[in-house]
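Now for the letters of each chain:
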Amino acid sequence: MGRGIEGLDRAYSIFFTGALIVLALLVVLCLVRAIIGPRVADRIVSVNMTGTMVIVMIAILALMLEEGYLADICLIYAMISFLAVIVLVKVYMGVYLEGKQEKDRENGRRAAQESREKEESS
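Residues numbered from 1 in each chain as written. Predicted model: local features only at pLDDT ≥ 70, side-chain atom pairs only at ≥ 80, totals over all residues. Heavy atoms only, no water.

Colleague: Is there a simple way to think about the overall build of the chain in this case?
Modeller: In terms of helices and strands, the chain carries three helices and zero strands. Each helix and strand of the chain, placed in order from N terminus to C terminus, yields the pattern α-α-α. Relative to a compact globule of 122 residues, whose C-alpha radius of gyration would be 14 Å, the chain shows 26 Å and is clearly more extended. Counting only C-alpha atoms and orienting by the principal axes, one finds that the chain spans roughly 100 × 25 × 15 Å. For the chain, with 122 residues in total, the buried portion stands at 19%. (Helix = DSSP H or I, 4+ residues; strand = E, 2+ residues; numbered from the N terminus. Rg over C-alpha atoms; globule rule 2.2 N^0.38 Å. Buried < 20%, exposed > 50% of the residue type's maximum accessible area, 1.4 Å probe, protein only.)

The following block contains the structure:
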């Protein structure tokens, strides 16, 4: 009976180690995606995915090491990750809307200048 439990523990250990290795590789790929972009939205999604995978990695470590405090750290990291993504989106939207307003003002100036030029040439 004891041998079966040891075998199961070993199987879980191998499975958890494999999952951690795969997640580590995926985190690296997400960080590469965050660096190369090409758009800000891609970077924000990549940062969010990285945070989520780190949360899963901490949860797996909590199971492997049988440490309850890691679950608390996992929850705190989840809250911080969520807030970080919200702040990034707010900053991005502010910059986007500011650029859009500037572009609209510039288009309005051009349209006014073109109408003045048409009036003067008539």
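Colleague: When you look at the packing of helix 2 (residues 40-65) against helix 3 (residues 69-121) in this model, what are you seeing that I'm missing?
Modeller: Two numbers describe a pair of packed helices, the interaxial angle and the distance between the axes. Direction vectors running N to C along helix 2 and helix 3 enclose 175°, while the axes themselves pass 9 Å from each other. Between helix 2 and helix 3, the crossing angle belongs to the class labelled roughly antiparallel. Within the contact between the two elements, helix 2 uses Val-40, Ile-44, Val-47, Asn-48, Gly-51, Val-54, Ile-55, Ile-58, Ala-59, Leu-61, Ala-62 and Leu-65 and helix 3 uses Leu-70, Ala-71, Ile-73, Cys-74, Tyr-77, Ala-78, Ser-81, Val-85, Leu-88, Val-89 and Tyr-92. (Axes fitted to C-alpha atoms, helices over the stretch in contact; angles between N-to-C directions. Parallel < 35°, antiparallel > 145°, perpendicular 65-115°, else oblique. Contact = heavy atoms within 4.5 Å.)

Colleague: It is not clear to me how the pattern of salt bridges should be interpreted in this structure. Could you clarify?
Modeller: Side chains carrying opposite charge are able to pair once their charged atoms draw close together. As enumerated under the stated definition, the model contains five salt bridges in all. A salt bridge links Asp-42 to Arg-39, with the shortest nitrogen-to-oxygen separation between them at 3.5 Å. Classification of Asp-42 as buried rests on a relative accessible area of 16%. The network of salt bridges with common partners includes Arg-33, Arg-39 and Asp-42. (Salt bridge = Lys/Arg side-chain N within 4 Å of Asp/Glu carboxyl O.)

Colleague: Quick question: what am I supposed to make of unusual backbone geometry here?
Modeller: Negative phi characterises most residues that are not glycine, and trans characterises most peptide bonds. Note the cis peptide between Gly-37 and Pro-38, where omega equals 10°. In this structure, Pro-38 sits in the loop between helix 1 (2-36) and helix 2. The backbone of Glu-66 shows a phi angle near 55°, a positive value even though the residue is not glycine. Within the fold, Glu-66 resides in the loop between helix 2 and helix 3. Judged by its relative accessible area of 70%, Glu-66 falls in the exposed class.

Nothing here speaks to function; it is geometry throughout.
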